[in-house]
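Each chain, written out:
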Amino acid sequence: MPARLVGFSVTFLLARVAVLLVAMCLSGLVGAQTTPMASSPRLPIAVMQRTVDSLNAASASAKSRARAYQALGGGHEAAQDQSSAVAAYERAIPLALASRDSLTLADAQHALGLLHWRRNNFDRALTYLTPALSVRLALGDRLGAARVFGTRGSAHYQLGEYEPALNDFVQSLAIRREAGDSAGVARILTNLGKTYHDWNQLTRAQRMFEEAVAAAEGVNDAVTLGYALNSLAMLSVDRKDFAAARRFVARSESAYNGPDVSRLPLDSLSIWSLNTTASALILMREGRAVEALPMLEAVRGAGAAGGDTRVQARALLYLGEAYGALGNRTAAKVALERSLGFARMVRQRVMILDALLQLAELEEGAGNAVAALRNLRAYQALRDSIFDQSTAQRLAAMEANAVTVREQQENARLREAQRLQSLTIERQRTVGALGAVILLLAATVVALLVYFNRQGRMREAVLASVNADTAATNLNLRNALAEVQTLSGLIPICASCKMVRNDKGYWDTVETYISSRSQATFSHSICQSCGPKLYGDLWPSESESNMP
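A.B. asks: So what exactly am I meant to see when it comes to helix H11 (residues 222–238) here?
C.D. replies: With 17 residues, H11 ought to run about 24 Å at 1.5 Å a step, and its terminal C-alpha atoms sit 25 Å apart, in line with that. One or two positions beyond H11, positive phi appears at lysine 240, with a value near 65 degrees.

Encoded structure:
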């Protein structure tokens, strides 16, 4: 099959399983707590393997093969086959590097680091998580970087490296707060609380746990809520507030056992062991070590059956305390030494500290001063390396800086809100002013329309009057014209007698001709020129005619 066709056919398969890797990247809580993977349809591992084999046989692109191996690793991890998952991710990483597929590279590195974290290989986990973080930051994937920060911080925490752990948690928390990721904020706050609890900063730890509980309740994150409540229960035990501790354990169990909670089998074991251990500690610190023993033995047995070294180390640590409280020094010493061995295997330095201190007290009670001093010196040296004063000052400065950054971000957010509010008010004022101007213009236009309309009506009235007068004048003219007959054309007249020839060829007097063709009539008189000719001296002279 051509490589191009193979790459196209596998695209849909890779999209279906990509959600597995995203879900796995969400884990990384301190202790045994992890984020449950989303419940979604998964392709069978056999189908994923055939896809990988087809791509390899077709010499497909390194990018397609990297994504196929990454998906296969997710399938193996979902099936709890961690060894096969590790092998698949390890094949995906060099292929992603060769193809410069940064996203697949970061996903595979983070998934592989998280797998090593689950297997208590925290140093190995850090070798993958640190480059995964660099790639996420280079890609500008801040939420992806926040998840890696959280997981890497958990690895540092498990190694007892509190300063880098706290730094990573603070970095993750800042990004998650900025992004509004309340579920992520709840998880990181719980991790920070655990760190401060180990540091014996109980007030700070409680503040973190309570904020984590509120955040988890706000987004209905039952698993994170249960883990934060369990952490509050353990803190209450150290404060000897056993009533509060019982309430927190009950609420934690209720959250974990909700009908909509989805989690892996490994998570279920960790969840059960955490709450069972907390309940046993309450009984033991109340002086009821006999009742606590079977509960702690059950936790130890479950850890052994599940291959969880950390669970066994913790259970044996508390078993040693319980046996010591009952006066059974031999059983207490055996349990504490086994706990010390398991804790050293997984580099749980806080557990190592507790085991060394209890062994020193046990040996001192038995009169073994040399053994007691040896354990006490080992305890003091380790404690100084973890909880030295300079580190405490740096941690305090780090927390203060985180608070300052958070306050600055909040102030910046408030300033931006005020700026936007001012812009809104200014915009409203501008709109109001423009509205007023528009209303004024509209009123002016209406007034002008009314004025011109009135003027128009007046002009129409004047025009109507003028038209009426004109009509009357025209009527008079027409009537006058009807009475007037007009003479026109060439009129033949005799040069001597002044007779006019009519249309029939006869000669008429001027009076007859004009009277027949118009409404004019003639009256006769004698002019001053003709009078003397006709009457001689009888005609009065001109001076006489002008006399009054």
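A.B. asks: What should I look at first to understand the packing of helix H5 (residues 102–118) against helix H6 (residues 122–139) in this one?
C.D. replies: The packing of two helices is summarised by the inter-axis angle and the distance between the axes. Look at H5 against H6: their axes get within 8 Å of each other, and the N-to-C directions meet at 155 degrees. Compared by their axis directions, H5 and H6 come out roughly antiparallel. The two elements H5 and H6 cross, and the hand of that crossing is left-handed. Between H5 and H6, the residues in contact are Ser102, Leu103, Leu105, Ala106, Asp107, Gln109, His110, Leu112, Gly113, Leu114, His116 and Trp117 and Phe122, Arg124, Ala125, Tyr128, Leu129, Pro131, Ala132, Val135, Arg136 and Leu139, respectively. Looking at the contact of H5 with H6 residue by residue, the class counts come to 14 nonpolar, 5 polar and 3 charged.

A.B. asks: Explain the packing of helix H4 (residues 82–99) against H5 here, please?
C.D. replies: Orientation of H4 relative to H5, taken along the N-to-C sense of each, is 150 degrees, at an axis distance of 9 Å. As the angle between them shows, H4 and H5 are arranged roughly antiparallel. Handedness of the H4/H5 crossing: left-handed. Taking contact as the criterion, the partners of Gln82, Ala85, Val86, Tyr89, Glu90, Ala92, Ile93, Ala96 and Leu97 in H4 are, on H5, Thr104, Leu105, Ala108, Gln109, Ala111, Leu112, Leu115, His116 and Arg118.

A.B. asks: When you look at the pattern of salt bridges in this model, what are you seeing that I'm missing?
C.D. replies: Think of it this way: side chains of opposite charge can pair up when their charged atoms draw near. Scanning the entire structure with this criterion turns up 17 salt bridges. The salt bridge partner of arginine 347 is aspartate 123, with a shortest N-O separation of 2.2 Å. Pair noted here: arginine 347 is in the loop between helix H16 (329–345) and helix H17 (349–365) and aspartate 123 is in helix H6, with a separation of 224 residues, a long-range link. Exposure remark for arginine 347: the relative accessible area of 34% places this residue in the partly exposed category. Given a relative accessible area of 36%, aspartate 123 falls into the partly exposed group. Note that glutamate 363 and lysine 333 form a salt bridge whose closest N and O atoms lie 3.0 Å from each other. Pair noted here: glutamate 363 is in helix H17 and lysine 333 is in helix H16, with a separation of 30 residues, a long-range link. What makes lysine 333 partly exposed here is its relative accessible area of 31%.

What counts, and where the lines are drawn
- Residues numbered from 1 in each chain as written.
- Predicted model: local features only at pLDDT ≥ 70, side-chain atom pairs only at ≥ 80, totals over all residues.
- Heavy atoms only, no water.
- Helix = DSSP H or I, 4+ residues; strand = E, 2+ residues; numbered from the N terminus.
- Expected span 1.5 Å × (residues − 1).
- Axes fitted to C-alpha atoms, helices over the stretch in contact; angles between N-to-C directions.
- Parallel < 35°, antiparallel > 145°, perpendicular 65-115°, else oblique.
- Left-handed = near helix turned anticlockwise from the far one by under 90°.
- Contact = heavy atoms within 4.5 Å.
- Nonpolar A, V, L, I, M, F, W, Y, C, P; charged D, E, K, R; others polar.
- Salt bridge = Lys/Arg side-chain N within 4 Å of Asp/Glu carboxyl O.
- Buried < 20%, exposed > 50% of the residue type's maximum accessible area, 1.4 Å probe, protein only.

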